[in-house]
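The residues making up each chain are set out below.
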Amino acid sequence: MSLVQEPTTRTLVREIDYGTPRSKAEKTVTLSIDGRQISVPEGTSIMRAAMEAGIEIPKLCATDMLEAFGSCRLCLVEIEGRAGTPASCTTPVADGMVVHTKSERLDRIRKGVMELYVSDHPVDTLDRAKHPDVDLLATAAAVGLEDVRYGFDGARHRNPGIDESNPYFSFDPAKCIVCSRCVRACEEVQGTFALTVSGRGFDSIIAAGMDEKFIESECVSCGACVQACPTGSLIEKAVIEQGKPEWSEVTTCGYCGVGCAFKAEMRGDQVVRMVPYKDGKANRGHSCVKGRFAWGYANHKERILKPMLREKITEPWREVSWEEAIARVASEFKRIQAKYGRSSIGAITSSRCTDEETFLVQKLVRAAFGNNNVDTCARVCHSPTGYGLSTTFGTSAGTQDFDSVEHTDVAIVMGANPTDAHPVFASRLKKRLRQGAKLIVIDPRRIDLVRSPHIEAAYHLPILPGTNVAILTALAHVIVTEGLIKEQFVRERCEWDAFQDWAAFVAEERNSPEAVAKATGVPAEDIRGAARLYATGGNGAIYYGLGVTEHSQGSTAVMALANLAMATGNVGRPGVGVNPMRGQNNVQGSCDMGSFPHEFSGYRHIANDAVRAMFEAAWGKTLDNEPGLRINNMLDAACDGSFKALYIQGEDILQSDPNTHHVAAGLAAMECVVSQDLFLNETANYAHVFLPGSTFLEKDGTYINAERRIQLVRKVVEPKAGYADWEITCLISEAMGYPMRYNHPSEIMDEIARLTPTFAGVSFKRIEELGSIQWPCNEKAPEGTPVMHMNGFVRGKGRFMVTEYIATDEKVGPRYPLLLTTGRILSQYNVGAQTRRTANVVWHEEDRLEIHPHDAEERGIRDGDWVKLASRAGETTLRARITERVAPGVIYTTFHHPNTQANVVTTDYADWATSCPEYKVTAVQVSPSNGPTEWQEQYNELVRKSRRVAATVEAAE
Amino acid sequence: MSPDKLVYMANQIGRFFVTQGQEKAAAGTADHIRKFWEPRMRTAIIAHLKAGGAGLDPVVRLALERLPEAKPEAGRQQAPPQ
Ligand code: SF4
Ligand code: SF4
Ligand code: FES
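Residues numbered from 1 in each chain as written. Chains lettered and ligands numbered in written order. Predicted model: local features only at pLDDT ≥ 70, side-chain atom pairs only at ≥ 80, totals over all residues. Heavy atoms only, no water.

1. Re the site of ligand 1
Around ligand 1, the neighbouring residues are Phe169, Cys186, Leu195, Phe214, Cys219, Val220, Ser221, Cys222, Gly223, Ala224 and Cys225 of chain A. Partitioning the shell around ligand 1 into residue classes produces 9 nonpolar, 2 polar and no charged. (Near = heavy atom within 4 Å. Nonpolar A, V, L, I, M, F, W, Y, C, P; charged D, E, K, R; others polar.)

Set out below in structure tokens:
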């Protein structure tokens with residue numbers, strides 16, 4: 001049976017608060033605390049040293065997520081040979097020090113301090129039973145306070161009333177003791193600087209922004225201040241409404257590629273709150289608004305909980321039993337294969353599902369369908385990363401862990417917007433930047449990182465969309481022609497011939513900053529400055545996102561980044577590297593699991609006979625050795641009539657893929673589309689079978705984040721529709737005559753480990769022991785691999801690739817004079833199916849079109865006006881936001897809302913190597929408009945029709 | 001599958017490799033297409049080549065000429081599940 005035990009007694013996972021952060025010093029110091037000899041790293045506080053030895057010193061203003069502050073005076077200790085009573089949180093240990101944490105004098109002082117706090121608190125007794133929600137009384141009890149001499153009706157501090165403006169947490173100033181933990185959390189952990197202490201002395205209170213409400217302030221609702229608050233003054237509304245949690249499990253966020261670890265805190269079978277887990281190595285106790293608060297979609301009323309069928313997509317849905325739905329899928333798939341051939345069906349795996357679930361879908365395709373028509377939505381985001389990094393370095397993954405950023409001196413952020421799309425990583429990067437690291441931003445848009453509190457990019461290169469390769473080659477030109485190459489590194493680690501070809505190519509005059517300044521829109525001097533800084537500024541790290549990959553030269557740009565890192569010796573140690581910022585939670589995992597039509601798990605081509613033989617032996621089937629169709633090829637083939645059925649696991653290709661009209665035509669041409677999802681998404685409008693899926697709270701499994709970190713997802717509630725997604729795939733396979741039987745997802749991981757050398761050492765048990773594992777994990781690296789290519793590249797020698805800039809064929813002209821680029825924002829996630837069904841909509845009700853004042857004025861557009869956005873592919877309408885974040889000639893929008901359907905206007909152009917669509921460049925025209933386009937109206941009508949569910953006749957009770 | 005689109009895709013691939021010189025570029029392009037194109041796409045582009053190959057860049061022509069014939073459903077045969 002399962003390796004992972006169901007918890008017999010469910011308890012709350014409690015984390016120790018050591019009071020101050022861990023010291024990273026290597027030298028240790030030995031001291032005595034309350035008569036015990038204790039050895040800790042130099043620089044550790046007395047408070048932390050004591051706690052590590054199990055001696056808890058009372059504290060209020062200290063917590064180990066924050067630097068010590070020393071304001072509450074509760075943590076006093078006595079040190080032999082020193083006068084007075086120093087604060088243990090701000091006093092570092094020293095060799096031979098003798099500390100006492102308990103004495104009559106200390107007791108007296110601590111009680112005195114507590115007494116003052118309590119007298120200012122909204123309580124009329126110290127009885128904790130009467131005030132279960134007043135956390136301060138627990139601390140009062142801990143210091144032994146029995147009486148409050150000043151009475152309970154003393155003067156209270158200023159109190160402007162409870163602030164409930166944030167949808168997820170409230171702030172009650174009455175309970176606030178102005179320890180400023182929240183203020184410091186917002187600064188040190190989140191880096192937003194939204195909170196201040198306003199007023200002085202007794203009159204001081206905590207305020208968001210300039211005495212604003214939270215919702216009106218700069219607050220991004222990350223929740224760091226809520227965790228930090230020791231008194232419950234800042235508290236999740238859910239805790240007030242539902243009561244304190246009773247048990248918890250550690251799990252992994254299901255939203256973005258950061259992969260934050262959380263404690264899912266429960267009451268009965270209800271989630272009360274998600275609290276970031278300090279031992280999570282990706283997030284180290286921090287989170288963003290999505291993972292922390294936006295999980296309510298799991299209980300949203302629009303969730304589909306019963307399987308549904310219909311003969312034609314114009315008919316209403318009919319709810320059916322699981323048996324009937326699965327039997328229909330199997331019989332249709334078999335019928336279609338018999339009629340149109342083995343290659344006429346396929347599947348798409350989800351980057352939101354677990355590794356185990358995606359692995360099973362590709363197994364279903366290869367073993368049960370008997371073809372290789374499997375693809376994943378990573379196709380439309382990071383497939384160029386796979387191609388580019390394997391060509392140059394030998395493997396398809398980011399080189400570093402997130403901790404690496406603590407050693408970075410110069411960071412290049414290109415085509416990524418971490419504060420919105422990878423917020424927890426952004427907080428860690430910002431912390432490093434505040435410590436003095438330098439930043440180069442390469443992005444058409446002035447993203448928040450370019451200038452935010454206490455951060456200013458050394459260079460912002462606002463390139464025109466579509467010119468990435470030109471600017472990267474120009475950066476290389478500077479590095480080569482100014483003699484900034486790390487020759488020793490290149491000679492030792494890279495193919496010297498390929499390097500020389502490359503160096504000769506980039507040195508050509510046509511690749512100089514001066515030559516490309518016009519095409520890229522970036523002044524040559526800035527390109528030169530940025531190149532010098534990256535090459536000579538110490539540890540240089542590259543972080544990039546979809547703004548690099550989603551281009552017709554996406555793969556080339558990834559190679560160009562890899563070239564830069566190799567040329568400057570910035571690979572193979574902490575603080576450097578080339579790091580793709582993955583979009584969805586399990587993009588990395590879905591690629592690793594063999595979701596692409598040409599390769600098995602671990603990136604091994606299906607034409608490799610030895611590898612295929614291993615899978616054939618394990619699966620008991622002859623496997624096809626020809627590559628299958630990619631998503632866009634499937635749609636093309638569908639329009640041609642040779643591809644007829646598709647099983648889609650948790651993806652909304654209609655909304656997320658480019659050129660909506662083409663996707664719609666492809667789907668409409670199929671005879672059986674099976675959509676497995678939480679909601680009737682846009683793709684489901686074209687589906688014949690709907691299979692209700694499960695959320696990350698409802699299943700066990702693993703996700704792999706952008707650092708290659710494999711982490712456990714743990715079930716805390718039963719699947720609401722009856723089955724976890726992996727079970728549904730097993731049912732389909734069985735019905736098609738190829739039984740796949742597993743008792744628990746851990747057995748699927750065992751199979752993955754057996755068949756995939758880079759996962760050989762991975763099992764649920766091992767992940768549980770280690771907390772998480774970064775692959776490769778095998779005999780050579782039994783605990784996984786935080787930094788790759790340490791002693792040479794995976795492919796042996798690093799390979800420089802010549803990266804000729806070829807302008808995209810998507811060109812501006814008189815009819816379409818503006819360049820549209822797309823992106824995302826913090827509070828919404830991808831197509832928004834989940835986040836739109838939470839209170840996060842208060843931050844983003846609709847997609848807006850950002851346009852420069854100059855372009856707006858030329859067209860007579862005012863802020864907030866409805867505008868029509870038209871390209872060669874289609875047109876849509878949305879409202880304008882006038883801003884200088886975008887350069888003249890460039891416009892920008894998000895794609896979170898189906899009403900906007902920004903992808904109606906994006907085109908079919910795609911990366912040359914991987915067919916990853918060119919989302920980031922579309923030539924468009926913008927004009928004033930007074931309402932929705934014809935397509936939007938027709939589409940809304942279609943949606944209305946196709947979401948009908950026939951009334952089921954329920955037997956009377 | 002529409003030859004126009006396939007021609008466009010093949011030329012895009014060719015243009016990446018062309019900086020490596022004719023010979024290497026043709027080999028690189030052929031290898032890429034062999035590795036990533038499904039048989040019916042390869043069949044269609046070869047048919048297009050045989051029909052004159054309008055629109056194909058020289059390097060791509062060279063690449064396609066050395067590409068082995070692919071028949072749809074040419075992979076190792078396996079009966080569809082019954
Ligand atoms: S929720 Fe986050 S951003 Fe908002 S005030 Fe608290 S720490 Fe700052
Ligand atoms: S969405 Fe990303 S950053 Fe936010 S909590 Fe989840 S994993 Fe962390
Ligand atoms: S905990 Fe040390 S002074 Fe507050």
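2. Overview of a negative patch on the surface
All names here are of chain A. A grouping of Asp211, Glu212, Glu216 and Glu218 is seen on the molecular surface, where their side chains present a negatively charged patch. Note that Asp211 resides in the loop between strand 7 (205–208) and helix 5 (224–228). A residue is classified by how much of its surface remains accessible, and Asp211, at 55% relative accessible area, is exposed. (Patch = residues over 30% accessible without salt bridge, like charges linked within 9 Å, V, L, I, M, F, W, Y side chains within 5 Å. Areas by Shrake-Rupley, 256 points an atom, 1.4 Å probe, with all protein chains shown as cover. Salt bridge = Lys/Arg side-chain N within 4 Å of Asp/Glu carboxyl O. Lys, Arg positive; Asp, Glu negative; His and termini not counted. Charge placed at Lys NZ, Arg CZ, Asp CG, Glu CD. Helix = DSSP H or I, 4+ residues; strand = E, 2+ residues; numbered from the N terminus. Buried < 20%, exposed > 50% of the residue type's maximum accessible area, 1.4 Å probe, protein only.)

3. Things to note about the site of ligand 2
Residues and elements named next belong to chain A. As a structural note, the neighbourhood of ligand 2 is formed by Cys253, Tyr255, Cys256, Val258, Gly259, Cys260, Phe262, Cys288, Lys290, Gly291, Pro423 and Val424. Of all the secondary structure elements, the ones that give two or more residues to the shell around ligand 2 are helix 7 (289–293) and helix 12 (423–434). Looking at the shell around ligand 2, its residues break down into 9 nonpolar, 2 polar and 1 charged.

4. Some words on the pairing of strand 34 (residues 875–882) of chain A
Residue and element names in this part refer to chain A. Here 4 bridges tie strand 32 (residues 848–851) to strand 34, and the two strands are oriented parallel to one another. The residue of strand 34 that forms the bridge with Ile851 is Ile882. Both strand 33 (residues 866–871) and strand 34 contribute to a ladder of 5 bridges, which runs antiparallel. Counterpart to Leu869 in the pairing with strand 34 is Thr876. In this structure, the hairpin formed by strand 33 and strand 34 is closed by a connection of 3 residues. (Pairing = 2+ DSSP bridges.)

5. Some words on the interface of chain B and chain A
With 30 residues of chain B at the interface, the matching set in chain A holds 47 residues. Summing the contributions of chain B and of chain A, the shared interface buries around 3400 Å²; its carbon and sulfur component is 51%. Our enumeration of links across chain B and chain A arrives at 3 salt bridges. Here Arg34 of chain B and Glu626 of chain A are joined by a salt bridge, their closest N and O atoms 3.3 Å apart. Those elements that place two or more of their residues in the side of chain B that touches chain A are helix 1 (3–17), helix 2 (22–36) and helix 3 (39–50) of chain B. No other element matches helix 1 of chain B, which puts 8 residues into the side of chain B that touches chain A. For the side of chain B that touches chain A, a count of residues per class yields 12 nonpolar, 9 polar and 9 charged. (Contact = heavy atoms within 4.5 Å. Buried area = accessible area lost by both parts, 1.4 Å probe.)

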